[in-house]
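An overview of the molecular structure
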Amino acid sequence: MQNFFPTKILEWYSQHKRDLPWRTNNSPYYVLVSEFMLQQTQVPRVIEKFKEFTERFPTLQDLAKASKAEVIESWSGLGYNRRALLLHRFAQQVCEKYGGEIPQNKEELQELPGMGPYTTGAILSFAFNLPEPAIDVNVRRIYLRFFQGRDQGLPMSRKEEQELYEFAKQTIPQNKSTDFHNALMDFGSSICTRNTPSCNTCPLQNNCAFFPLYKNHKEKALFVMEKKKEQGTIENGKHIPNRIFRGRMVEFARKNQGREVLIYDLGKVIKKDYQNNEEKWLLSLLRKLQNDGLLNCQKVENKLVLSLPR
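To keep things clear, this report deals only with the structure shown in the data block. (Residues numbered from 1 in each chain as written. Predicted model: local features only at pLDDT ≥ 70, side-chain atom pairs only at ≥ 80, totals over all residues. Heavy atoms only, no water.)

**Observations concerning the overall build of the chain**
- If you tally the helices and strands in the chain, you get 16 helices and five strands.
- Dimensions of the chain, computed from C-alpha atoms along their principal axes, come out at roughly 70 × 50 × 35 Å.
- Out of the 310 residues in the chain, the part that is buried amounts to 48%.
- Here the contacts in the chain between residues at least 6 apart in sequence split such that 63% fall between residues at least 24 apart.
- Here the chain displays about 16,400 Å² of accessible surface, and carbon together with sulfur accounts for 48% of that area. (Helix = DSSP H or I, 4+ residues; strand = E, 2+ residues; numbered from the N terminus. Buried < 20%, exposed > 50% of the residue type's maximum accessible area, 1.4 Å probe, protein only. Contact = heavy atoms within 4.5 Å. Areas by Shrake-Rupley, 256 points an atom, 1.4 Å probe, with all protein chains shown as cover.)

Dropping the structure here:
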């Protein structure tokens, strides 16, 4: 069964693989940039921004030499701006410690900024074709459905994560880690999707432990945990996560570098129904952005001057 799984996945991939710029040129730097961008951002949006970003910073060394402000400006439109700073710090540390060459050693890679278990595995598998699992929520869903016949919402226990990691590593075909992981990503985004999997047309269905559940009890087969509501506030009657307002603040600073603005006027820019009694909330978001190194803010009485860090 473990041999059947990668064989069928790769056969499917040979006919259905997506044409993506970080696959056409899967240099370690391109893979690195794409992985940071793809965290919580849809592929079509990343394709557009990836081209702009790599044209402005063609190499890891170019990125390392850039200012924080330049990197944040180039990240505009992707959201989760903290990723930009982590990517920037990663590039700087690789240049300082490894002469600009992204390390292929797992332990060394894990010590660099932004390198969690998935991103570490992704760099090693996508960029260097090493047999290291890259398990995100989509890949995990495929494995649990096919081999165990179940869905699993977040979180898994540390023991469960480690067991899945060890099992997945055994399924990686020799010298085909890059293609295999690309295949899993495409398969998870088009066939083995979260809410409406295409089980009836899936090439794995005859051996999939999940297919009988889906076929006989479709309405009860999916056990995806509901996404936890993010901390935020109400805007025009709808709950909006604070990260959206934070992103609007950074965008304002990009477009109005060093410009003086009234606190109330900034509030109206970032929140459509902003009221004076929300000033404490507004300033708390600004402090968090300052602490994260994404903004500089000077306050004089009821006015603010926002700027990107240098």
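**Some remarks on the packing of helix α15 (residues 263-270) against helix α16 (residues 279-291)**
- Running from N to C, α15 and α16 cross one another at 80°; their axes reach a closest spacing of 11 Å. With respect to their mutual orientation, α15 and α16 come out roughly perpendicular. Within the contact between the two elements, α15 uses Ile263, Leu266, Gly267 and Ile270 and α16 uses Glu279, Trp281, Leu282, Leu283 and Leu286.
- Of the residues contributing to the contact of α15 with α16, the split by class is seven nonpolar, one polar and one charged. (Axes fitted to C-alpha atoms, helices over the stretch in contact; angles between N-to-C directions. Parallel < 35°, antiparallel > 145°, perpendicular 65-115°, else oblique. Nonpolar A, V, L, I, M, F, W, Y, C, P; charged D, E, K, R; others polar.)

**Section: the pattern of salt bridges**
- With the rule as written, the count across this model stands at 18 salt bridges.
- Across the pair Lys106 and Glu132 runs a salt bridge whose closest N-O atoms are separated by 3.1 Å. One end of the pair, Lys106, is in helix α8 (residues 106-110); the other, Glu132, is in the loop between α9 (117-128) and α10 (137-148), and 26 residues separate them in sequence.
- Here the residues in one salt-bridge network are Arg18, Arg23 and Asp186, joined through shared partners. (Salt bridge = Lys/Arg side-chain N within 4 Å of Asp/Glu carboxyl O.)

**A look at the pairing of strand β1 (residues 232-235)**
- Here four bridges tie β1 to strand β2 (residues 238-241), and the two strands are oriented antiparallel to one another. Paired with Thr233 across the two strands is Ile240, which belongs to β2.
- Linking two consecutive strands that pair antiparallel, namely β1 and β2, is a turn of two residues; a positive phi of about 50° is found at Asn236 within it. (Pairing = 2+ DSSP bridges.)

**A short note on the environment of Glu251**
- Mapped onto the elements of the fold, Glu251 is located in helix α14 (residues 242-255).
- Distance from Glu251 to Ile270, taken between C-alpha atoms, is 9.4 Å for residues 19 residues apart in sequence.
- The residues touching Glu251, leaving out its near neighbours within four places in the chain, are Ser76 and Gly77.
- Side-chain polar atoms of Glu251 contact the side chain of Ser76, separated by 3.0 Å. (Polar contact = N/O pair within 3.5 Å; in protein donor to acceptor, adjacent residues only side chain to side chain.)

**Quick word on α16**
- Between its first and last C-alpha atoms α16 spans 18 Å; for 13 residues at 1.5 Å apiece the expected length is 18 Å, and the two agree.
- Where α16 is concerned, the buried positions are Trp281, Leu282, Leu283, Leu285, Leu286 and Leu289.
- Against the buried residues of α16 lie β1, α14, α15, β4 (296-300) and β5 (303-307).
- Of the residues flanking the end of α16, it is Gly293, one or two places downstream, whose phi is positive at about 80°. (Expected span 1.5 Å × (residues − 1).)

**Quick word on the sheet that holds β4**
- Read from one edge to the other, the open sheet built from three strands follows the order β3-β5-β4, with strand pairing classed as antiparallel. Sheet topology places β3 (260-262) and β4 at the edges, where each strand pairs with a single neighbour. Ignoring strand direction, the axes of neighbouring strands in this sheet form an average angle of 30°.
- For β4 and β5, the ladder comprises five bridges, and the chain directions are antiparallel. Bridging from a neighbouring strand, Asn296 pairs with Ser307 of β5.

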